[in-house]
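# Breakdown of the fold
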Amino acid sequence: MHKILKIIAALLSLAGIVFLVRIIAAGDDAIKSGEEAALVDPMAYVAYIILVLVLVFVVVFVLKNLFTNTSGLKNTLIGVGAFAAILIIAYISAGGDTREYALQDGVATSAQSQMVGAGLTAFYILIVIAALAMIFSGVKKIISK
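Here is what the cut-offs are and how they apply
- Residues numbered from 1 in each chain as written.
- Predicted model: local features only at pLDDT ≥ 70, side-chain atom pairs only at ≥ 80, totals over all residues.
- Heavy atoms only, no water.
- Helix = DSSP H or I, 4+ residues; strand = E, 2+ residues; numbered from the N terminus.
- Rg over C-alpha atoms; globule rule 2.2 N^0.38 Å.
- Phe/Tyr/Trp six-rings, centres within 6.5 Å; stacked < 30°, edge-to-face > 60°.
- Buried < 20%, exposed > 50% of the residue type's maximum accessible area, 1.4 Å probe, protein only.
- Expected span 1.5 Å × (residues − 1).
- Contact = heavy atoms within 4.5 Å.
- 1 Å grid on protein atoms, 1.4 Å probe; cavity = no way out; pocket = protein on both sides within 12 Å on 5 of 7 lines; lining within 4 Å.
- Points joined across faces, edges and corners; volume = space filled by probe spheres on them.
- Nonpolar A, V, L, I, M, F, W, Y, C, P; charged D, E, K, R; others polar.
- Patch = residues over 30% accessible without salt bridge, like charges linked within 9 Å, V, L, I, M, F, W, Y side chains within 5 Å.
- Areas by Shrake-Rupley, 256 points an atom, 1.4 Å probe, with all protein chains shown as cover.
- Salt bridge = Lys/Arg side-chain N within 4 Å of Asp/Glu carboxyl O.

### Overview of the overall build of the protein chain
When its secondary structure is counted, the protein chain shows five helices and two strands. In the protein chain, the order of α-helices and β-strands from amino to carboxyl end is α-α-α-α-β-β-α. Here the C-alpha atoms of the protein chain give a radius of gyration of 24 Å, more than 25% beyond the 15 Å that 2.2 N^0.38 yields for 145 residues. Considering only C-alpha atoms, the protein chain reaches an extent of 55 × 50 × 35 Å along its principal axes.

Below is the structure:
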């Protein structure tokens, strides 16, 4: 498995280098004018392939680690539950705005306004929690010395 991954990484790296050299050789003006779009597209596909591979490996290894380490699974579920509780509290506390806001694709609805308010409220709650955690950690570190 490790050898296969090394070969795939080497092939993707080689393809990326080849496409990069071709893009640099074409020059900025040719790329900007759209004449050499055929050079940029393969480079983007290589980037997409790498992104998908990285995401797949991250998800697989995170799930594998969660199920092999049961104490970690418990802590993860507690964290996910706390985050879900914050999102629910933020959604309940955010009210929909009855004013109409002009968007590019139409008008924002009350439900969309409530979701934006919930996102902002959740963000503020998480900022406060993060600040309190940093302060608590710093005070605890000072006291323990």
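On we go from here.
### Here's the deal with the packing of aromatic side chains
A full pass over the atoms with the stated rule returns three aromatic pairs. Ring plane angle 20 degrees and centroid distance 6.2 Å describe the contact between Phe 57 and Phe 61, whose orientation is recorded as stacked. With Phe 57 and Phe 61 both in helix H3 (residues 37-68), this residue pair falls four residues apart, about one helical turn. Residue Phe 57 is classed as partly exposed on the basis of its relative accessible area, which comes to 28%. What makes Phe 61 partly exposed here is its relative accessible area of 49%. Relative to Tyr 124, the ring of Phe 123 has its centre 5.9 Å away and its plane inclined at 55 degrees; by these criteria the two rings are tilted. In this structure Phe 123 comes out as partly exposed when scored by relative accessible area, which is 48%.

### Considerations on helix H5 (residues 110-144)
Between its terminal C-alpha atoms H5 stretches 50 Å, which fits the 51 Å expected from 35 residues at 1.5 Å a residue. Packed against the buried residues of H5 are helix H4 (70-93).

### Regarding H4
Here H4 spans 35 Å end to end across 24 residues, near enough to the 34 Å set by a 1.5 Å rise per residue. Residues Gly 72, Ile 86 and Ala 90 constitute the buried set of H4.

### Here's the deal with the layout of surface pockets
One way to see where empty space is left: roll a probe the size of a water molecule over the atoms. Of the pockets and cavities examined, the largest pocket occupies roughly 170 Å³. Together, Leu 5, Ile 8, Ala 9, Leu 12, Ser 13, Ile 50, Leu 53, Val 54 and Phe 57 line the largest pocket. Of all the secondary-structure elements, those providing two or more residues to the lining of the largest pocket are helix H1 (2-26) and H3. A per-class count over the lining of the largest pocket returns eight nonpolar, one polar and no charged.

### Some words on a nonpolar patch on the surface
Taken together, the side chains of Ile 4, Leu 5, Ile 8, Ile 49 and Leu 53 present a nonpolar region at the surface, about 380 Å² in accessible area. Going through the elements one at a time, H1 and H3 are the ones with two or more residues in the nonpolar patch. At three residues, H1 tops the list of elements feeding residues into the nonpolar patch. Examined against the element boundaries, Ile 49 turns out to sit in helix H3. Ile 49 gets classed as partly exposed once you look at its relative accessible area, which sits at 42%.

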